[in-house]
Amino acid sequence: DKCGGKDVRILEFRNGCYLQNGQPIKKDAIKRSLLKSEDIIVSEYVRQGAFANKLYPKTVNTIRALTMMDPESQTPFIGAAVLRIGCARSVPVDNASSGGMFCDIELKTGRLGKAIIEFYMDKPFQCLDRHPETEVIFKDQIIPDWKRICEEVLALALNFPILPYIAWDVAICDGGITIIEGNSWSDINVFQASRPLLTDPRVRRFFKHHDII
């Protein structure tokens, strides 16, 4: 099971040395490791922009935006979104299931709420006003160019009408966005940690149409 950011490795070549997740590794060891893997995807490392980097620089901190296709108008809308933020426990990823945290995003404005951490741990989760390592205060931070980000994500969703439900992982870069991946399923509990999804009539209509509720 490689969901939730499990088994992600960041490979670098810096100052004549190979590094894997920041630790020195020999070239032959990289080859052996890759050959042992049954399923592997190699991709270019995405460099996040200044806003995401100030929150926490050791992980790419991504928006998880949930798009749904309205059954009446056949146009997509964003039903919910959170910003995932890494920490020392989650490095090299920002996933909450790997120990990271996430903030609710106010859909109209792109404004962040408090961060939720220890969401998947065997104890009650906590709400944080600020990042425990960078000391950045989360509440009332506003994601730059939020309206344009939403428009781009919705335009992408419109290109996949056969997939009425997609959870997009979006990196916030300087001057644009990069899509890390689209998920055919996503943990609803992450989105509902701050607000119930069914209070939005569009979301309720979507789930009723697909016989989920």
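Computed from a predicted structure; not experimentally measured.

Attention now moves to the packing of aromatic side chains. Tallying each qualifying case throughout the model produces eight aromatic pairs. Geometrically, the ring pair formed by F13 and Y18 is tilted, given 4.8 Å between the ring centres and 55° between the ring planes. What makes Y18 partly exposed here is its relative accessible area of 29%. Where F119 meets Y120, the ring centres are 5.3 Å apart and the plane angle is 90°; that geometry is what we call edge-to-face. Residue Y120 is classed as partly exposed on the basis of its relative accessible area of 31%. Feature note: the residues F102, F119, Y120 and F125 constitute an aromatic cluster, connected by ring pairs.

The sheet built from seven strands is open, its strands ordered 8-7-6-5-4-9-10 with antiparallel pairing. At either end of the open sheet lies a strand with only one pairing partner, and these are strand 8 (126-128) and strand 10 (176-183). With direction set aside, neighbouring strand axes in the sheet form an average angle of 30°. Relative to strand 9 (residues 165-173), strand 4 (residues 62-69) runs antiparallel, the two being bridged by seven bridges.

Another point: helix 5 (residues 201-209). Every buried residue of helix 5 is accounted for by V203, F206 and F207. Along the axis of helix 5, the buried positions cluster into a sector of 90°, meaning they face one direction only. The exposed residues of helix 5 that point more than 90 degrees off its buried face are P201 and K208. Where the residues of helix 5 are buried, they touch strand 4, strand 5 (76-85), strand 9 and helix 4 (188-192).

About the cut-offs
- Residues numbered from 1 in each chain as written.
- Predicted model: local features only at pLDDT ≥ 70, side-chain atom pairs only at ≥ 80, totals over all residues.
- Heavy atoms only, no water.
- Phe/Tyr/Trp six-rings, centres within 6.5 Å; stacked < 30°, edge-to-face > 60°.
- Buried < 20%, exposed > 50% of the residue type's maximum accessible area, 1.4 Å probe, protein only.
- Pairing = 2+ DSSP bridges.
- Helix = DSSP H or I, 4+ residues; strand = E, 2+ residues; numbered from the N terminus.
- Axes fitted to C-alpha atoms, helices over the stretch in contact; angles between N-to-C directions.
- Arc of directions from axis to C-beta.
- Contact = heavy atoms within 4.5 Å.

Without other data, these values stay purely geometric and don't point to any function.
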